[in-house]
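# Structural characterization, general
The lines below spell out each chain.
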Amino acid sequence: MQSNLIISAIVALVALAAGAVILPDWAMFLFAMALAKGLVCLGIVGMMRGGVVSFGQGLYYCLGAYTATLVANNFGISDIFLLTFLSALVCLLVGIAFGPLLSNYRGIFFAMLSLALSMVLYGSLSKMSFIGGTDGLNIAAPTFLGWAPEGRPLQAALYIYVVTISVIAGTLMRIYFDSERGLLTLATRDNELRVEYLGASVRNIMTYNYVFGAVLGGIGGTIAALALGHVDPEFAFWTTSGEFVFVAILAGYLSVPAVFVSAIILELVRSFSNLYFPNTWQLALGIFLLAVIIALPNGLGSLVRRWKGNKA
Amino acid sequence: MKTTNSKIGGLLATMTLAVGLSGPAAAEEDTFKIGVITFLSGQAAESFGVPAWNGGKLLVDMLNEGGKLPAPYDQKGFGGMNIEVVVVDEAGGATKQVQEFRNLVQREEVDAVVGYVSSGDCLAIPPVADELKAFTILYDCGTPRVFEDGSYEYVFRTAAHATMDNVSLARYLKSRNFDVPSFAGLNQDYAWGQDSWADFTGAMNQLYPDAEVKTALFPKFGAGQYGTEISALLREKPALVHSSNWGGDLQGFLIQATARGLHKRSQLALAAGDHVIPQLQDKMPDGIFLGARGVNGLAAYARGGELEELTNTMWEAYEAEYDTFPVQAPFRMWQAIFGLKTAIEKAMAENGGTKPTSEELAAAMQGLSWDAPSGHIEMALANGHQAIQPNAIGTTKWNAETGKMELVDVEYYDARCVNPPDGMKSQEWIAQGFPGAQCD
């Protein structure tokens, strides 16, 4: 199992990294953004396995993006590794602070409370005109351990970076999902009381899932900010969080790669509907989302299971 | 391993799809392709995005037909080239706009981009435009930060930034000898409203140093209900109420304020309010001091002068097509397209008549000046990348006979009177008492 996982991770990494050569510029950027958002969604999927959905993952997406931007602008740090690490650290600490609080809530209460936290950040940032208020701020292009590429090499480097992080994060999350605690998360979804009677702490499990989601959100936000070159409080707005939830639902909780594939599909559909139906792109996007939910109520991940079932 | 195959298969399928859909039609020599980004949905669509593009589409059609406009705009298209347009909705935030900008430039291979109403988008796009070496015109957004906090090679803003709106308003009060012992503000709680209020109080501080600020209200963007705020304004009794609200927020505020008689107790001064006239008609009270972010809309129509023919041609074509008169947004779109046309034709005169590259266009646009229905536009600031333009403030008066809103007591301000000089930040310019302002 473990060796299979590592082989598939390496194959996925190579296949995706090949995109740095074969993909046209615009698609490489679109994939990089989609994978960065996919990281955030992976955190939501981790929570979804336990039966709760965070409607406020924008909190960590935005926190990561702003941490990177403020550090880059105020301390002149442009190294992508260091910025990612610092953002992840900040999100880890904030996640540890809020995790135990949120882990007591389920269903709509968890969703609303997490949403409220992200909207508090949105409101606060909007008021802070010294860091740009609602207009946000710009962040310069990152460097890679002292290497400062420009043009296509920069985009390719960013793309390879996000691909590598996505594959590593995906692999680690898969290992976690298959671990004792990960499987208990799945059991919590079915019957929380029984898990407690087995002697496991549901609260503890939920806290772990939430903190992992926070760190992934921060990393995703940092990469998105560096790729875009601009951050604004919109990163923490509920529509941004809602988009992450949608990707998570589209992917379902069964498969890790499905999360990234869903994120890419959503970006592609949005980009092309925006171009071909400028007046009705929201409608086109909505119809697509509705069709997917009707056709695949358990998400794209269920396709993998279905395919596996047929073979077996 | 089976699952692995399917996972990778899925990824590859997506990639193939992406690559397969790439290959755009190769750019043709006799066509100039522009990407236009403006709000087609959301709150800013009705007020700015849709009228702007209605005006833009009209002008592009007229140019493609050729010979419809007075000189110097009588040549067909852009320097004889046919104009092709790709329109993209600006709704969705800066994140989406950066992606769409890349798509327009790299996938659609547009020759120039004209767009952006939102200040957030105007801050996010320029670094990307420079990275891609894509010639870009910001046509509408207001924040002075774009070129005061950064400098870009391929990015130009063909409209004056928002500083002049509120400086003109304060100057209007002064030139009409309006007594302002106290004033208050009601502005939307986001960067636009906050900046407008800061500019207005700064300008008032210079021109009316004794005026007392009664209250500064910042209701939420899109609030729609202003009962509490109007109560506060009625209680405080300021001589003047300033607002930079726009769209539904402004309509809501005006309807609720007039119902409670606020306009009779305090003078209302709206920095950017002309665009709600077509919706409100006679529900817009008389006697409001009104700006349009430039000599746009009614103020341009009332101006006459040497630009009368150009202005009236566009005005009448717009009225005939859309059954309403053009407000500020189409005027800004027109000045962007006329500027682009002038720059392209200047670049073509220099390079021997071939389609100009982004570099040639940027060189031609830098420091350019041209005439538009909104007046004489000069790329005078930020090393020739930021335009200044004249402004006008007037007073509303409903003409019951014709059933139309008119602007009376209009004061026109020279571009150099209400815009900061080159190299000076707007905030400092206001704080230092408008050094270098040339008003006659």
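Residues numbered from 1 in each chain as written. Chains lettered and ligands numbered in written order. Predicted model: local features only at pLDDT ≥ 70, side-chain atom pairs only at ≥ 80, totals over all residues. Heavy atoms only, no water.

We now examine the overall build of chain B. Helix and strand counts for chain B come out as 17 helices and 15 strands. Taken against the 2.2 N^0.38 rule, which gives 22 Å for 440 residues, the C-alpha radius of gyration of chain B at 23 Å falls within 12% of a compact globule. With the C-alpha coordinates of chain B rotated into their principal frame, the extents come out at 70 × 60 × 45 Å. Sorting the 440 residues of chain B into buried and exposed places 62% on the buried side. Expressed as a percentage of contacts within chain B between residues at least 6 apart in sequence, the contacts between residues at least 24 apart total 69%. For chain B, the exposed area adds up to about 15400 Å²; of that, 48% sits on carbon and sulfur atoms. Across chain B, the centroid of the 33 positively charged side chains sits 7 Å from that of the 55 negatively charged ones. (Helix = DSSP H or I, 4+ residues; strand = E, 2+ residues; numbered from the N terminus. Rg over C-alpha atoms; globule rule 2.2 N^0.38 Å. Buried < 20%, exposed > 50% of the residue type's maximum accessible area, 1.4 Å probe, protein only. Contact = heavy atoms within 4.5 Å. Areas by Shrake-Rupley, 256 points an atom, 1.4 Å probe, with all protein chains shown as cover. Lys, Arg positive; Asp, Glu negative; His and termini not counted. Charge placed at Lys NZ, Arg CZ, Asp CG, Glu CD.)

Within chain A one finds 14 helices and two strands. Scaling as 2.2 N^0.38, a compact globule of 312 residues should have a C-alpha radius of gyration of about 20 Å, and chain A matches this with 19 Å. If one aligns the C-alpha atoms of chain A with their principal axes, the spans along those axes are about 55 × 45 × 45 Å. A burial count over chain A gives 58% of its 312 residues as buried. Nonlocal contacts in chain A, meaning residues at least 24 apart in sequence, comprise 79% of its contacts between residues at least 6 apart. By element, 70% of the accessible surface of chain A is carried by carbon and sulfur atoms, the whole surface being about 12700 Å².

So, about the interface of chain A and chain B. Counting residues at the interface gives 55 residues for chain A, matched by 48 residues for chain B. Between chain A and chain B, roughly 4400 Å² of surface is buried when both sides are summed, and carbon and sulfur atoms account for 65% of that area. Here chain A and chain B share one salt bridge between them. The partner of D189 of chain B in a salt bridge is K127 of chain A, and the shortest N-O contact between them spans 2.6 Å. Connecting chain A to chain B are 13 residue pairs in polar contact (both at pLDDT 80 or more). When its residues are assigned to classes, the side of chain A that touches chain B shows 29 nonpolar, 16 polar and ten charged. (Buried area = accessible area lost by both parts, 1.4 Å probe. Salt bridge = Lys/Arg side-chain N within 4 Å of Asp/Glu carboxyl O. Polar contact = N/O pair within 3.5 Å; in protein donor to acceptor, adjacent residues only side chain to side chain. Nonpolar A, V, L, I, M, F, W, Y, C, P; charged D, E, K, R; others polar.)

A few words now on the state of the cysteines. Residues and elements named next belong to chain B. Counted by the stated rule, this structure contains two disulfides over all chains. With a sulfur-sulfur separation of 2.0 Å, C122 is cross-linked through a disulfide to C141. On the sign convention where negative means left-handed, the S-S torsion of about -95° between C122 and C141 marks this disulfide as left-handed. With a gap of 19 residues between them, C122 in helix α4 (residues 119-132) and C141 in the loop between β4 (136-138) and α5 (145-148) connect regions that are remote in the sequence. Here C122 falls in the buried class, since its relative accessible area comes to 0%. Residue pairing for C417: its cysteine sulfur links by disulfide to C439, the two sulfurs lying 1.8 Å apart. The sign of the S-S torsion, about 90°, decides the handedness of the disulfide formed by C417 and C439: right-handed. With C417 in helix α16 (residues 415-418) and C439 in the segment after α17 (426-431), this residue pair connects regions lying 22 residues apart in the sequence. For C439, a relative accessible area of 37% translates into the label partly exposed. In chain B, the cysteines engaged in disulfides, taken in order along the sequence, are linked 1-2, 3-4. (Disulfide = S-S within 2.5 Å.)

In this section: the sheet that holds strand β15 (residues 404-413) of chain B. Residues and elements named next belong to chain B. Strand order in this open sheet of seven strands is β7-β6-β8-β9-β10-β14-β15, and the pairing throughout is mixed. Only two strands of the sheet have a single partner each, and these edge strands are β7 (212-217) and β15. In this sheet, neighbouring strand axes are inclined to one another by 25° on average, regardless of whether the strands run parallel or antiparallel. Strand direction decides the pairing type here: strand β8 (residues 240-243) and strand β9 (residues 267-270), joined by four bridges, are parallel. Across the sheet, residue V241 finds its bridge partner in β9, namely L268. Where helix α7 (residues 191-207) meets the sheet, it contacts β6 (182-186), β7 and β8, and its direction lies at approximately 170° from that of β6. With respect to the sheet, helix α9 (residues 247-259) is in contact with β6, β8 and β9, its orientation differing from that of β9 by roughly 170°. (Pairing = 2+ DSSP bridges. Axes fitted to C-alpha atoms, helices over the stretch in contact; angles between N-to-C directions.)

What follows is about a nonpolar patch on the surface. Residue and element names in this part refer to chain A. Taken together, the side chains of L82, F85, L89, L93 and I96 present a nonpolar region at the surface, about 460 Å² in accessible area. By the secondary structure assignment, L89 is in helix α5 (residues 80-102). With a relative accessible area of 35%, L89 lands in the partly exposed category. (Patch = residues over 30% accessible without salt bridge, like charges linked within 9 Å, V, L, I, M, F, W, Y side chains within 5 Å.)

Residues and elements named next belong to chain B. With domains assigned, chain B is organised as domain 1 (31-161 + 306-388) and domain 2 (163-292 + 390-431). Centre-to-centre, using C-alpha coordinates, domain 1 lies 27 Å away from domain 2. On the side of domain 2, 26 residues touch domain 1, which itself brings 26 residues to the contact. Here domain 1 and domain 2 share an interface that buries about 2000 Å² over both sides, 53% of which is from carbon and sulfur atoms. Looking only at domain 1, the three residues that lose the most surface to domain 2 are H161, Q328 and I388, adding up to 25% of its buried area. Counting every contact that joins domain 1 to domain 2 gives two salt bridges. (Domains from an automatic or database assignment.)

Residues and elements named next belong to chain A. Mapped onto the elements, Q57 comes out in the loop between α3 (25-48) and α4 (58-75). In this structure the side chain of Q57 is engaged in a polar contact, spanning 2.8 Å, whose partner is the side chain of S54. Ignoring sequence-local partners within four residues, the contact set of Q57 consists of V40, I44, M47, G213, A214, S241 and F244.

All right, on to the nonpolar core then. Residues and elements named next belong to chain B. Core analysis: the largest hydrophobic core is formed by 225 residues, its most contacted members being F78, F101, M284, F338 and L340. Summarising the domain contributions, this core has at least three residues from each of domain 1 (31-161 + 306-388) and domain 2 (163-292 + 390-431). Counting residues in each nonpolar core, the second largest holds 27 residues, with A170, A269, F289 and Y413 among its members. (Core = buried A, V, L, I, M, F, W, Y, C linked by side-chain atoms within 4.5 Å.)

Residues and elements named next belong to chain A. Taking 1.5 Å per residue as the helical rise, α5 with its 23 residues ought to reach 33 Å, and the 31 Å between its terminal C-alpha atoms agrees with that figure. Of all the bends found along α5, the most pronounced is centred on I96 and spans about 30°, while P100, a proline, follows it within four residues. Buried within α5 are the following residues: I80, L83, T84, S87, A88, C91, G95, G99 and L102. Contact partners of the buried residues in α5: α4, α6 (107-127), α7 (151-178) and α10 (202-228). Measuring from the side-chain oxygen of the N-cap residue of α5 to the backbone nitrogen of F81 gives 3.2 Å; that N-cap residue is D79. (Expected span 1.5 Å × (residues − 1). Bend = angle between axes of the 7 residues up to and from the residue.)

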